[in-house]
Amino acid sequence: MTHAPFPGFAAADLAFLSGLAAHNDRDWFAAHRAVYDDRLKPTLAALISALNAALAARDLPLAGDTKKSLFRIHRDVRFSKDKRPYKTHVSATLTRDGGKLSPGLVYLHIEPEGGSRPAFDPQSIDPLDPSTLPSAQAADAGYAGGGPFASAGFYLTERPHIDAFRRAIAADPKGWAAVERALAAEGLALTEGDPVKRLPKGFEDQAGGPLEAALKRTRWLVRRPLTGAEIGGAQLPEIIADLAAAARPLLAFGWKALG
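Every value quoted in this text rests on a predicted model; they were computed, and no experiment measured them.

A. Representation of helix 7 (residues 236-246). Within helix 7, eight of the 11 residues are buried, which leaves it mostly tucked inside the rest of the structure. Of all the positions in helix 7, only Leu236, Pro237, Ile239, Ile240, Ala241, Leu243, Ala244 and Ala246 are classed as buried.

As C-alpha cells, then:
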C-alpha cells in the first residue's frame, strides 16, 4: 500500500500552538479549533503513518495508530493549581504493542521552535518530556520549553519494570557499558532520567561504583532536538526513524531485561 508523502507541519498551523500559549483559554481555543482538528491532528497522524513505514524499513518493531497513539491536547487540571486547560504542543508515541506508554518507545513532541509550555505541573506531566519532570522544574512560573524534539527508550512508570531494568544493568555491566558506548558513537547521551537520590533497595552494593548513576535512574531515554525546518519538512519521518535506529542497542537491552 502506497502512502502519500509526509507534508511537514505548516508554519501557519504551528502558529495555532503559539497563539494557544498566549491565549490559553476555552474561548480562544473554540474560535480557532478548526486549525487543530482539520490540520494539526491530521498532520500528526500522517507523521505516524510515515514513521510506521520508516521504522519497518529499519526492522524496528515499533508502530503507532493514527488515532489511538495521539495524546490529548487537554490538560488534566482536576488536582492542579494551574488551571490552564490546554497543552501548547501536540504529541504521540509509537510502541511495540500500541499502548501509549508500553516499555520501549519513540515519543514525538511537536511545537514551534523555541516554543513555551505551561509551568511545571505534576498532575499533568507529559510522558517522555524531560522538561516537565521534577528535576527540570524552573525557578519561576514562566518556564519556557525547548521546542520540538523526539525521544527513544524507556519511560517506565511501574516499579517492577524499573527494578527489572536495574537488575539487568547490575547483572550485565559489560552489556550496559556497550549500550552507552554505542549511543555515544551516535552522538547520543541519556537524558537525566529523573533519578532517585539514593541507590534503591537491593542495589546498595553498587554505591560509588561505575553503575551507580545508571541504577539511580527511573527513565532511560535519548533525545534529539528538532528544528523548525525539520518539522516543516518531508524528511521528518526519516530523521526520527534514524534516531530510533541509533537507539536500537538501548531498546534491545531494555526489551530483553523486561521480557
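There is more to say after this.
B. Seen up close, the packing of aromatic side chains. Evaluated as defined, the whole model comprises 14 aromatic pairs. Taken together through their ring pairs, the aromatic side chains of Phe154, Phe165, Trp176, Trp220, Phe253 and Trp255 make up a single cluster. When the ring centre of Tyr155 is taken as reference, the NZ or CZ atom of Arg219 above it lies at 4.2 Å. The positively charged end of Arg223 is found above the aromatic ring belonging to Phe149, 3.7 Å away from the centroid.

C. Up close: the confidence of the model for the protein. A residue-level look at the protein finds 87% of positions with pLDDT of 70 or above and a mean pLDDT of 88. Counted against residues more than four places away or in other chains, residues 117-124, with its pLDDT under 50, gives 31 contacts. Segment residues 134-144: pLDDT under 50, and 14 contacts once partners within four positions in sequence are set aside and those in other chains are kept.

D. Main features of the sheet that holds strand 1 (residues 90-95). Pairing within the open sheet is antiparallel, and its four strands lie in the order 1-2-3-4. Taken across any chain shown, the strands that pair with only one partner, and hence form the sheet edges, are strand 1 and strand 4 (219-225). For this sheet, the mean inter-axis angle between neighbouring strands, taken without regard to orientation, is 20°. Inspection of the sheet shows strand 2 (residues 105-110) paired to strand 3 (residues 149-155) by five bridges, in the antiparallel sense. Across the sheet, His109 pairs through a bridge with Phe149, a residue of strand 3. Contacts between helix 2 (residues 26-57) and the sheet are confined to strand 1 and strand 2, with strand 1 contributing the most and set at about 25° to the helix. Sheet contacts for helix 8 (residues 248-258): strand 2, strand 3 and strand 4; angle to strand 3, the most-contacted strand, approximately 30°.

E. Looking closely at the pairing of strand 2. Burial analysis of strand 2 places six of its six residues in the buried class, which makes it a mostly covered element. Examined bridge by bridge, strand 1 and strand 2 share six bridges and lie antiparallel to one another. What sits directly across from Ala92, in strand 2, is Leu108.

F. Local environment of the environment of Leu183. Counting through the fold element by element, Leu183 comes out in helix 4 (residues 173-185). Among the residues examined, Leu183 registers a relative accessible area of 2% and is labelled buried. Note: C-alpha distance between Leu183 and Val222 (39 residues apart in sequence) is 8.4 Å. Aside from chain neighbours lying at most four places away, what touches Leu183 is Leu188, Leu190, Val222, Ala246, Ala247 and Leu250.

G. Here's a closer look at the nonpolar core. Membership of the largest hydrophobic core comes to 62 residues, with the highest contact counts inside it found for Phe9, Phe16, Leu108, Trp176 and Leu250. By residue number, the principal contributor to this core is helix 2, which donates 11 residues.

H. Geometry of unusual backbone geometry. Residues other than glycine seldom take positive phi values, yet Asp59 does so here, at roughly 60°. Counting through the fold element by element, Asp59 comes out in the loop between helix 2 and strand 1. Relative accessible area serves as the criterion here: at 65%, Asp59 is assigned to the exposed category.

I. Geometry of the side chain of Arg166. Secondary-structure assignment places Arg166 in helix 3 (residues 159-171). On the basis of relative accessibility, which here comes to 2%, the residue Arg166 falls in the buried class. Within the structure, the side chain of Arg166 is placed 3.1 Å from the side chain of Asp163, a separation counted as a polar contact. When residues no more than four places from it in sequence are discounted, the contact partners of Arg166 are Arg159, Val196, Pro200, Phe203, Leu215, Lys216, Arg217, Thr218 and Trp220.

J. Representation of helix 2 within the structure. The largest bend in helix 2 amounts to roughly 60° and is located at His32. Where helix 2 begins, the side chain of Asp25 points an oxygen toward the backbone nitrogen of Asp27, at a separation of 3.1 Å. Immediately downstream of helix 2, the backbone of Asp59 shows phi near 60°, a positive value.

K. A look at the pattern of salt bridges. Within the structure shown, the criterion is met by nine salt bridges. Between Arg78 and Asp76 there is a salt bridge; the shortest N-O distance is 2.8 Å. A residue is classified by how much of its surface remains accessible, and Arg78, at 62% relative accessible area, is exposed. With a shortest N-O distance of 3.0 Å, Lys216 and Glu212 are connected by a salt bridge. Note that Lys216 and Glu212 are positioned in helix 5 (residues 212-216) at a spacing of four residues, about one turn of the helix. Connected through shared salt-bridge partners, Arg58, Glu238 and Asp242 make up one network.

Scoring rules and cut-offs
- Residues numbered from 1 in each chain as written.
- Predicted model: local features only at pLDDT ≥ 70, side-chain atom pairs only at ≥ 80, totals over all residues.
- Heavy atoms only, no water.
- Buried < 20%, exposed > 50% of the residue type's maximum accessible area, 1.4 Å probe, protein only.
- Helix = DSSP H or I, 4+ residues; strand = E, 2+ residues; numbered from the N terminus.
- Phe/Tyr/Trp six-rings, centres within 6.5 Å; stacked < 30°, edge-to-face > 60°.
- Lys NZ or Arg CZ within 6 Å of the ring centre and 35° of its normal.
- pLDDT = per-residue confidence, 0-100.
- Contact = heavy atoms within 4.5 Å.
- Pairing = 2+ DSSP bridges.
- Axes fitted to C-alpha atoms, helices over the stretch in contact; angles between N-to-C directions.
- Core = buried A, V, L, I, M, F, W, Y, C linked by side-chain atoms within 4.5 Å.
- Polar contact = N/O pair within 3.5 Å; in protein donor to acceptor, adjacent residues only side chain to side chain.
- Bend = angle between axes of the 7 residues up to and from the residue.
- Salt bridge = Lys/Arg side-chain N within 4 Å of Asp/Glu carboxyl O.

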